[in-house]
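# Per-entry structural report
Okay, here's what each chain looks like letter by letter:
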Amino acid sequence: MSLSQASGAAFVDGYGRTWESWDVPGFVDLFTDDVVYVAHPAETVVGRTALESYLRKEQDEQGRVSVQMGNPVTEGSHVAAEFWVTATKGSETTTIAGCFIARLAPDGLCESFREYWFDMEGHSTAYEGWGR
């Protein structure tokens, strides 16, 4: 299957939008029932039910978030994109910068997902030209 740029962009947009609003049901709806979601080498989530639990834990840890998504790159059935997030919980602010690689099924739902990210204390602005 060859993924169209529009399909890749729709997934990236939905991912960023539902993360920023903590729309957990909308976020989970972007994924297949048996998705494999690798959030960290020590944390792999399998299936929508587990993904929902994972996302609620992240919501509790991150607090209010502002999410910026980079331009998607598509190849075959895969889409990749950078993300830059400012997370504020109480008086603490953290910047999360990273990227993901997702494999989409023919229906546009993600069946395999892997992300790489790092946290920085405080608010850090994305560098000029990021996400292009």
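Right, let's walk through the structure included here.

## Quick word on the pattern of salt bridges
Opposite charge on two side chains allows them to pair when their charged atoms are near. Per the stated rule, a full pass over the model turns up 9 salt bridges. Residue Lys57 is joined to Glu43 by a salt bridge in which the shortest nitrogen-to-oxygen separation is 3.4 Å. Taken as a pair, Lys57 in helix α3 (residues 48-62) and Glu43 in strand β2 (residues 43-46) lie far apart in primary sequence, 14 residues in all. Since its relative accessible area comes to 31%, Lys57 is described here as partly exposed. Put simply, Lys57 and Glu61 hold a salt bridge, and the shortest N to O gap is 3.9 Å. In this pair, Lys57 and Glu61 both sit in helix α3, 4 residues apart, roughly one turn of the helix. One network of salt bridges, with partners in common, ties together Glu43, Lys57, Glu58 and Glu61.

## Brief notes about the packing of aromatic side chains
Describing an aromatic ring pair means giving the distance of the ring centres and the angle of the ring planes. This model, assessed by the stated rule, comprises 15 aromatic pairs. Relative to Phe31, the ring of Phe11 has its centre 5.8 Å away and its plane inclined at 80°; by these criteria the two rings are edge-to-face. Residue Phe11 is found in helix α1 (residues 5-21), and its partner Phe31 is found in strand β1 (residues 31-40); the two are separated by 20 residues along the sequence. The same class applies to Phe11 and to Phe31, which are both buried. Ring centres of Trp19 and Phe83 lie 5.3 Å apart, and the angle between their planes is 70°; this geometry places the pair in the edge-to-face category. Of this pair, Trp19 sits in helix α1 while Phe83 sits in strand β5 (residues 78-89), placing them 64 residues apart in sequence.

## Things to note about the nonpolar core
Judged by nonpolar contacts, the single largest core of 31 residues is most densely connected at Phe11, Tyr15, Phe31, Tyr37, Leu51, Phe100 and Phe113. Every element with two or more residues in this core is listed here: α1, α2 (24-28), β1, α3, β3 (64-69), β5, β6 (92-104) and β7 (110-121). The element that contributes the greatest number of residues to this core is β5, accounting for 5 residues. Beyond its immediate chain neighbours, meaning those up to four positions away, Phe31 contacts Phe11, Tyr15, Tyr37, Arg48, Leu51, Leu109, Cys110 and Phe113.

## Re the state of the cysteines
Two cysteines joined by a covalent bond between their sulfur atoms form a disulfide. Going through the model one piece at a time under the given rule, you end up with 0 disulfides. With no disulfide of its own, Cys99 has Cys110 as its nearest cysteine by sulfur position, at a separation of 14 Å. Accessibility expressed as a relative area gives 30% for Cys99, which makes it partly exposed.

The rules behind the values
- All residue numbers refer to positions counted from 1 along the written sequence of the respective chain.
- Under the rules for a predicted model, residues below a pLDDT of 70 receive no local features and side-chain atom pairs below 80 are neither given nor counted, while totals for whole chains, interfaces and linings still include all residues.
- With hydrogens and water stripped out, all remaining heavy atoms of the structure feed into the side-chain values.
- The rule for a salt bridge is simple: a side-chain nitrogen of Lys or Arg has to be within 4 Å of a carboxyl oxygen of Asp or Glu.
- Secondary structure elements are taken from DSSP: a helix is a run of H or I of four residues or more, a strand is a run of E of two residues or more, and numbering for both begins at the N terminus.
- Relative accessibility thresholds used throughout: buried, under 20% of the residue-type maximum; exposed, over 50%; partly exposed, between the two (1.4 Å probe, protein chains only).
- For this analysis, a ring pair means two rings from Phe, Tyr or Trp (six-membered ring only for Trp) whose centres lie within 6.5 Å, classed as stacked if their planes differ by under 30 degrees, edge-to-face if by over 60, and tilted for the remaining angles.
- As used in this record, nonpolar core signifies buried Ala, Val, Leu, Ile, Met, Phe, Trp, Tyr and Cys residues forming a set joined through side-chain atoms within 4.5 Å.
- Note on contacts: a residue pair qualifies if any of its non-hydrogen atoms lie within 4.5 Å across the two residues.
- Disulfides are defined in this document as cysteine sulfur pairs within 2.5 Å.

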